[in-house]
Amino acid sequence: MSHHGRRLAVWLIAGVLVTAGCVLAPAMANGPPGRSLDVSLEAQLRAQGFTGKIQSSLTTRLGRPLDPRLADTGRLLWFDTITGLNGDNACAGCHSPTAGFGDTQSIAIGVDSNRIVGPDRVGPRNQRRAPTVLNTAFFPSLMLNDRFSSLSGDPFDASAGFLFPAPEGTSLSYLPHLLDAQAFIPPTERAEAAGFTFVGDNDAIRAEVVRRLNAAPGYRSLFAKVFPDVRRGAPITYEMMARAIAEFEFSLTFANAPIDRYARGERNALDETEKRGAVLFFGEAGCVSCHQVAGPSNEMFSDFREHVIGVPQLVPSLVNVAFDGAAGNEDFGREQFTGAAGDRYAFRTSPLRNVALQPAFMHDGAFTSLDAAIRHHLDVVASALQYDPVAQGLDADLAGPIAPVAPVLSRLDPLVATPQHLSQEQVDSIVAFVRDGLLDPRARPDALRHLVPERLPSGETPLQFQFATR
């Protein structure tokens, strides 16, 4: 980033702003008025190669249209507890339509929950919040520490292999898309789905899930409509299940936000405040340096790389996973996957599309509003040292003592090490752009309510989803 010289750089990492460099002059922060504002933004979008057409490229990238029957089968699997051997959680328990198919919690609650999905969900915590699955068809890597990735840098291209943690490694590279491969993992996660009593390895867990699917007449019928082999009497295989779940995820592509419509020529898609924020984001503020929109980023507003940004680490009072560190109260982030000490506390730059639907920000949901998260990044050290989980309005089981901050701050990215000062107007314009300019209205909870099934093919009782009432 040295080529930016003395310009202010603002990054939105893990869902919030990160700033470094010099403060912009107010006139630059406010952006040029009227038509000149459009001229500036249009030029910036051209320079970045941003087209606003990524949504329409899905069929071409897949090399085929979506299969609605397969996607609907995946939808039912998504909400069905049959995919979790503990019998009390489903994909939708942590990736809910009430929160943009992301987490309703600051830190996820998987197995042994009260089967409620929303603010009233309770149970032992995992280690991090669950990220959104919207638009993941275009993500070259997945999870908050990027532990699932396409080695080609293209999720649609398996030619270089898909890399996963052991024991899978690159063994899933025969599958056509990163999401097809990723679907092999969730049912094997003990804290999220499988529970702790089943005896067997990952393959044994997957075999038991498939056995249960084959024992359910409703699923036999659904898979028979899509797969001729099942129609002829062959068993449902795990690969079929993975394909169905991936197809449903492909259908959750919501990348037609105001910025996309603006880039395609609809000049009123953004209001004046959002335009000023966009000019900052793509221009002098430098947000796009990490929240990239060109090349492998697929216009997803992320560089899909990891950074240490001084996030306070929450310590739940009840957990069902082992935390890192001598005291068992830290999350080493990317280091858990690579084993490299230099990756400690590093987490992926958050893709920003539809980020407004998140109830919390950062890998552990330490901040419960975008504005609070931004303020953290204006003076990372002071914010981390003064952080108060109670003031953030966190659930009581997350509002106790946090992990030591000194080890995290000792590894702080230099780009966020120097305190900075932005005016409220500067902050507001960037927040408005990220919050509203990157939100596809089709992803709002009310628009997704219809995806929740009233009955499940397994015959299991559905989870209870808490949609906000107007």
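The model shown is predicted, which means the values in this text are computed figures rather than measured ones.

Conventions used here
- Residues numbered from 1 in each chain as written.
- Predicted model: local features only at pLDDT ≥ 70, side-chain atom pairs only at ≥ 80, totals over all residues.
- Heavy atoms only, no water.
- Helix = DSSP H or I, 4+ residues; strand = E, 2+ residues; numbered from the N terminus.
- Rg over C-alpha atoms; globule rule 2.2 N^0.38 Å.
- Contact = heavy atoms within 4.5 Å.
- Areas by Shrake-Rupley, 256 points an atom, 1.4 Å probe, with all protein chains shown as cover.
- Lys, Arg positive; Asp, Glu negative; His and termini not counted.
- Charge placed at Lys NZ, Arg CZ, Asp CG, Glu CD.
- Phe/Tyr/Trp six-rings, centres within 6.5 Å; stacked < 30°, edge-to-face > 60°.
- Buried < 20%, exposed > 50% of the residue type's maximum accessible area, 1.4 Å probe, protein only.
- Lys NZ or Arg CZ within 6 Å of the ring centre and 35° of its normal.
- Core = buried A, V, L, I, M, F, W, Y, C linked by side-chain atoms within 4.5 Å.
- Expected span 1.5 Å × (residues − 1).
- pLDDT = per-residue confidence, 0-100.
- Salt bridge = Lys/Arg side-chain N within 4 Å of Asp/Glu carboxyl O.
- Pairing = 2+ DSSP bridges.
- Disulfide = S-S within 2.5 Å.
- Axes fitted to C-alpha atoms, helices over the stretch in contact; angles between N-to-C directions.
- Parallel < 35°, antiparallel > 145°, perpendicular 65-115°, else oblique.
- Nonpolar A, V, L, I, M, F, W, Y, C, P; charged D, E, K, R; others polar.

S.K.: Account for the overall build of the chain, naming residues and giving values.
M.R.: Within the chain, the regular secondary structure consists of 19 helices and 9 strands. Computed over C-alpha atoms, the radius of gyration of the chain comes to 22 Å, within 12% of the 23 Å expected from 2.2 N^0.38 for 470 residues, which places it in the range of a compact globule. Each of the three principal axes of the chain carries a C-alpha extent, and together these read 70 × 50 × 50 Å. A fraction of 68% describes how many contacts in the chain between residues 6 or more apart in sequence connect residues 24 or more apart. As displayed, the chain offers around 18000 Å² of accessible surface, 54% of which is attributable to carbon and sulfur atoms. In the chain, the 42 positive side-chain charges and the 51 negative ones have mean positions that sit 5 Å from each other.

S.K.: If you had to explain the packing of aromatic side chains to someone new, which residues and values would you point to?
M.R.: Counted according to the given criterion, the structure contains 19 aromatic pairs. Each ring, one from Phe 367 and one from Tyr 387, has its centre 5.5 Å from the other, and the planes form 75 degrees; the classification is edge-to-face. Placement of the pair is Phe 367 in the loop between β8 (347-348) and α15 (370-378) and Tyr 387 in the loop between α16 (380-386) and α17 (406-409), with a sequence separation of 20 residues. Comparing Phe 367 with Tyr 387 shows no difference in burial state: the two are buried. Within the aromatic cluster, the residues linked to one another by ring pairs are Phe 50, Phe 281, Phe 282, Phe 301 and Phe 433. Sitting over the ring of Tyr 262, Arg 267 keeps its end group 4.6 Å from the ring centre. Positioned above the aromatic ring of Phe 332, the side-chain terminus of Arg 344 is 3.8 Å from the ring centre.

S.K.: Go over the side chain of Glu 335 with me, naming the residues and quoting the values.
M.R.: Among the structural elements, Glu 335 can be located in helix α14 (residues 335-338). We classify Glu 335 as buried; its relative accessible area is 11%. In this structure, Glu 335 is in contact with Ala 340, Ala 341, Asp 343 and Arg 344, ignoring residues within four places of it in sequence.

S.K.: Give a description of unusual backbone geometry that names residues and reports values.
M.R.: In this structure, the amide linkage connecting Ala 166 to the following residue, Pro 167, adopts the cis form with an omega of 10 degrees. Tracing the chain through its elements places Pro 167 in the loop between β6 (162-163) and α6 (178-182). One non-glycine residue, Phe 101, adopts positive backbone phi at about 55 degrees. Here Phe 101 is to be found in the loop between α5 (91-94) and β3 (116-117). According to the relative accessible area criterion, Phe 101 is buried, its value standing at 0%. Even without being glycine, Glu 299 reaches a positive phi, approximately 60 degrees.

S.K.: So what's going on with the nonpolar core? Residues and values would help.
M.R.: Core analysis: the biggest nonpolar cluster contains 71 residues, and Leu 77, Trp 78, Phe 101, Phe 164, Tyr 219, Phe 223 and Leu 252 have the highest contact counts within it. Looking at this core, the elements that each hand over two or more residues are α3 (58-62), α4 (68-79), α5, α6, α8 (202-214), α9 (217-226) and α11 (238-251). Leu 45, Tyr 262, Leu 270 and Cys 287 belong to the second-largest nonpolar core, a separate cluster that totals 44 residues.

S.K.: Which residues make up helix α18 (residues 424-437), and what are the values?
M.R.: Helix length check: α18 (14 residues) gives 18 Å between terminal C-alpha atoms against 20 Å at 1.5 Å per residue, within 8%. Buried residues of α18: Gln 426, Val 427, Ser 429, Ile 430, Val 431, Ala 432, Phe 433, Val 434 and Gly 437, and no others.

S.K.: A description of α15 should follow, citing residues and the corresponding values.
M.R.: One turn of the α-helix equals 3.6 residues, which is why residues spaced by three or four share an orientation. Along α15, 7 of the 9 residues are buried, which leaves the element largely enclosed by surrounding structure. Within α15, burial applies to Leu 370, Ala 372, Ala 373, Ile 374, His 376, His 377 and Leu 378.

S.K.: So what about the side chain of Arg 334? Which residues, and what values?
M.R.: Inspection of the secondary structure assignment puts Arg 334 in the loop between β7 (306-307) and α14. Here Arg 334 falls in the buried class, since its relative accessible area comes to 15%. Arg 334 has contacts with Asn 145, Asp 146, Arg 147, Glu 306, Asp 343 and Ala 346, leaving out every residue within four places of it along the chain.

S.K.: Hey, could you go over the confidence of the model for the chain for me, with residue numbers and the actual values?
M.R.: When pLDDT is averaged across the chain, the result is 91; 93% of the residues are at 70 or more. Every residue in residues 1-31 scores below 50 in pLDDT, and together they form 111 contacts with partners more than four places removed in sequence or on other chains.

S.K.: If you had to explain the pattern of salt bridges to someone new, which residues and values would you point to?
M.R.: Oppositely charged side chains can form a pair if their charged atoms are brought close together. Counted by the stated rule, this structure contains 22 salt bridges. Put simply, Arg 35 and Glu 42 hold a salt bridge, and the shortest N to O gap is 3.0 Å. The shortest N-O distance in the salt bridge between Arg 353 and Asp 260 comes to 2.7 Å. Of the two residues, Arg 353 is situated in the loop between β8 and α15 and Asp 260 in helix α12 (residues 258-263); the sequence distance between them amounts to 93 residues. Residue Arg 353 shares its accessibility class with Asp 260, and that shared class is buried.

S.K.: Quick one: what's the story with the environment of Met 300, residue by residue and with numbers?
M.R.: Relative to the assigned elements, Met 300 resides in the loop between α13 (272-282) and β7. With relative accessibility at 1%, the residue Met 300 sits in the buried group. Considering only alpha carbons, one finds Met 300 and Val 431, 131 residues apart in sequence, at a separation of 17 Å. Here Met 300 is in contact with Ile 54, Asn 135, Phe 138, Phe 139, Ala 255, Gln 292, Pro 351, Leu 352 and Arg 353, once residues within four sequence places are set aside.

S.K.: Which residues make up the sheet that holds strand β5 (residues 148-150), and what values go with them?
M.R.: Strand order in the open sheet formed by 3 strands is β4-β5-β6, with antiparallel pairing between adjacent strands. Of all the strands in the sheet, just β4 (141-142) and β6 have a single pairing partner and so form its edges. Looking at chain direction, β4 and β5 are connected through 2 bridges and run antiparallel. Its bridge partner being in β5, Leu 142 is matched across the sheet by Phe 148.

S.K.: Break down the state of the cysteines for me, citing the residues and quoting the values.
M.R.: For the coordinates displayed, the defined rule picks out 0 disulfides. Looking at Cys 91, it has no disulfide partner, and the nearest cysteine sulfur is the one in Cys 94, 9.1 Å off. Judged by its relative accessible area of 15%, Cys 91 is buried. Accessibility expressed as a relative area gives 7% for Cys 94, which makes it buried.

S.K.: Just give me the short version of the packing of α4 against α11, but keep the residues and values in it.
M.R.: Interaxial distance between α4 and α11 falls to 7 Å at its minimum, and their mutual angle equals 95 degrees. It follows from the interaxial angle that α4 and α11 lie roughly perpendicular. Across from Leu 70, Ala 71, Thr 73, Gly 74, Arg 75, Leu 77 and Trp 78 in α4, the residues of α11 making contact are Met 241, Arg 243, Ala 244, Ile 245, Glu 247, Phe 248 and Glu 249. A per-class count over the contact of α4 with α11 returns 8 nonpolar, 2 polar and 4 charged.

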